[in-house]
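Descriptive structure summary
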Amino acid sequence: MDRNFKVVGTSVNKIDGLSMAAGQAVYVADWPMPKAPLVGAILHSPHAHAIITSIDTSEAEAMPGVHAVLTYKNVPRNVYTTGGQGYPEPSPYDTFILDKKMRYVGDWVAAVAADNAAIAKEAIKAIKVEYDVLPAVLDIRKAKGGPVIHDEPEAHELFPIGFKPEQNVASEAGATMGEVDKLLAESPVMISHEYETHYGQHCPIEPHVSMGYLDERGRLVIVTSTQVPFHARRITARALGIPVKQIRIIKARVGGGFGTKQEVLYEPLVGALVLACKQPVLMELTRAEEFISRTRHPQIVKMSNGARPDGSLTATKMEVLSNTGAYGSHALTVAMNCGSKVLPLYRADAVEFHCETVYTNMPVAGAYRGYGATQSSFAQEMQMDELAEILNMDPIEFRLKNAIRENEGSPVFAALGEGKAGVEQKVTSNGLERCIRQGAEAIGWKDIWRKHITNGTKVRGVGMAALMQGSSIPEVDMASVSIKMNEDGSFNLLAGATDLGTGSDTMLAQTAAEALCCKAEDIIVYSSDTDMTPFDVGAYASSTTYLSGEASRRAATEVARQIKEVAAEMLGVSIDDIELEDSKAFVRDDESRFKTYSDICNNALYSNNQHQIGTIASAISHKSPPPFAAHFAEVEVDTETGEVKVLHYVAATDCGTAINPTLAEGQVEGAVMNGMSYALTEEYLFDKNGRMVNDGFDNYKIFSTADMPKMTTIMVPTYEESGPYGAKSVSEIGINGACPAIANAIYDAIGVRIRSTPFTAEKVLKALKEKKKG
């Protein structure tokens, strides 16, 4: 393929940038309706584990302005999963629209639809509920053998995922490649530690919001802030017990997702309210409700590694205990990604992986940017530093010695997929060494590492992490794009892919424009509407650029062929004699003979051999080429207070060809900020009954731009032959480096290993005091 691109690789303006900056973008709550919709609200459980013994809704139902009150008694009882993944879903079916049993503080007791928010709130207060409170499981280590959380007979798995609800096990998987235990026991150097990661919330600016209504034909239309419109349609149909054809899902502008809107959470409930009152209903979460909607999976990762004196790895073993909370959404696949997206990074003679995901009566975990790799990268990259220190090697050189190289494979690729075995593959593009070398130079590694630069009570240190991720889910996910030509030479591109603010609509326009030899602004992108756009799995698994971008390229390539075909007929030459450039088709040996795209489309539509120039193309991946990255953090630790301040952060990333370099850099920088916030300040606090006590931004601290340190972003170009114009993914990998890089930098500064996140001042100070004692 010609790599002299004209549109790809350039930072064209984001096609929705102006409308968003001007406040004209239409979000769900802005959706134009003939009259204001009713307002939906939820009554949440005050108990972590309880059974409703009595529920009286009569007072609420009698209130003026209340149009519907729903409980488990008057909604369909169809079991489903909220995990927006391909069918059959690899998550257990363990959820109902409303249920009699409460499984965490915040679980749904009832829902109302009323004329306005004030009436809805009063109606919620008027519902009288009595509970039989049950013993709760609030500790991940005590889940197995604890009170059974899912004893409903309907709960089941669609295919074997290790689902054992009687033991509070949502999923279990693993693979062994070689004689791991034997090699670990025989290794000259062997270390084994546990690393623990905490709850974290996605904190999108726009919380979950859905609005439903019945159209003129009685079909249920749900306008929603979602990453997965087609999955939302399928899952909502199952939950409500109505045909897919009776549901239309429209994705409005999304005010951030980061994985939490991969869940099909509120669409079924909003649909049930609409069907109950036959009026439009809008449901928008409060920030407190958003905090208990979905979270990152807290995990305990036991990591064991053996090495020879020369630094080569003999064996690697990763054991993951993951907390899915009250429901098993993404329970298996997040845990499996801990291995599949991380373990292939380093070559070892033998590798073993085991993951077990357990239920607790705590907030429900789900998809979150990084999707397991965030948690296990923390464990692996801390341990790489620990091994390097024991071997008296520079952490950079130790990683370079063991890192996977181009044209190499890993048994992990074939052994671990998402919910099933993976796909055997080799790494066909790899810029990791350049990422490491350039990142080290940018951070000033040689000037800081092991220097313990001190300023009063403050000590500086530097740490790093090497990273890999994936691009789509091979042999599972599929994307489609349709393109049709218009009379003025412009093109309509319809995609099921969902732009969450990431710029994917712009990326699709660029990949199409490159093949069509036109400007990106000549591509009119519409996404994503289950009635109007072709199928796409949605925005997750780092798939949009790699998979949806490839579908766009294929569709555009076919449309370009059709343009050539019509132009050849108009100019009286062979199709092989036609070239395309700047929205014109010309004869290769005589550029004075040409037709504009407008000429060509008008000819096809109105004059000769009339037809619509256009097509639909689909793409499915047969591999998941990993992007690579190296992250470096320079920190300053105050030994008197324990405060950790990041002074400089460097992220060097190989995402293949950056379709739009500015947008790619923005993805990296946003992910890094997300990761630093999670590493340093974000923390769920619970009371003894499992209730979150800091469910607002006054007490749950997230980074703002004012908190950002000096940031250096380096894009390291490679070319991935299987991707559109050489592209791989970029959106997730950037979040995975902050925890290990900062932890390693803290150790370099003050000699304390902190193997649990977040790195709060209290935790660091406590570790310093223990070091002095010991």
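Since this is a predicted model, take the numbers as computed values, not measurements.

1. Regarding a negative patch on the surface
Together, Asp576, Asp577, Asp589, Asp590 and Glu591 line one region of the surface with negative charge. Residue position: Glu591 is located in strand S23 (residues 590-596).

2. Regarding the layout of surface pockets
Looking at the second largest pocket, its volume works out to about 630 Å³. For the second largest pocket, the lining is made up of 23 residues, of which Ala513, Glu514, Ala515, Cys517 and Leu580 are closest to its centre. Secondary-structure elements contributing two or more residues to the lining of the second largest pocket are helix H14 (504-516), helix H15 (544-571) and strand S21 (578-581). Tallying contributions element by element places H15 first for the lining of the second largest pocket, with four residues.

3. As for empty space enclosed by the protein
Taken as a whole and judged by the stated rule, the model has four cavities of 30 Å³ or more. Its boundaries defined by the atoms lining it, the largest cavity holds a volume of some 210 Å³. In terms of lining, the largest cavity is formed by 20 residues, of which the most central are Thr95, Tyr104, Asp107, Trp108 and Tyr327. Its residues assigned to classes, the lining of the largest cavity comprises ten nonpolar, five polar and five charged. Of the voids in this model, the second largest cavity is the one considered here, and its volume is about 90 Å³. Along its surface, the second largest cavity is lined by 15 residues, and Asn337, Tyr371, Glu418, Ala541 and Glu732 are the ones closest to its centre. By residue class, the composition of the lining of the second largest cavity is four nonpolar, eight polar and three charged.

4. Focus: the sheet that holds S23
Overall, antiparallel pairing links the three strands, which are arranged S21-S22-S23 in an open sheet. Both outer strands of the open sheet, S21 and S23, are each paired with one neighbouring strand and no more. The average angle at which neighbouring strand axes cross in this sheet is 35°, direction not considered. When S21 meets strand S22 (residues 584-587), the two strands line up antiparallel, connected through four bridges. Its bridge partner being in S22, Leu580 is matched across the sheet by Ala585. Against the sheet, H15 touches S21, S22 and S23, its axis set at about 125° to S21. In this fold helix H16 (residues 597-607) packs onto S21, S22 and S23, with an angle of close to 50° to the strand it touches most, S23.

Thresholds applied
- Residues numbered from 1 in each chain as written.
- Predicted model: local features only at pLDDT ≥ 70, side-chain atom pairs only at ≥ 80, totals over all residues.
- Heavy atoms only, no water.
- Patch = residues over 30% accessible without salt bridge, like charges linked within 9 Å, V, L, I, M, F, W, Y side chains within 5 Å.
- Areas by Shrake-Rupley, 256 points an atom, 1.4 Å probe, with all protein chains shown as cover.
- Salt bridge = Lys/Arg side-chain N within 4 Å of Asp/Glu carboxyl O.
- Lys, Arg positive; Asp, Glu negative; His and termini not counted.
- Charge placed at Lys NZ, Arg CZ, Asp CG, Glu CD.
- Helix = DSSP H or I, 4+ residues; strand = E, 2+ residues; numbered from the N terminus.
- 1 Å grid on protein atoms, 1.4 Å probe; cavity = no way out; pocket = protein on both sides within 12 Å on 5 of 7 lines; lining within 4 Å.
- Points joined across faces, edges and corners; volume = space filled by probe spheres on them.
- Nonpolar A, V, L, I, M, F, W, Y, C, P; charged D, E, K, R; others polar.
- Pairing = 2+ DSSP bridges.
- Axes fitted to C-alpha atoms, helices over the stretch in contact; angles between N-to-C directions.
- Contact = heavy atoms within 4.5 Å.

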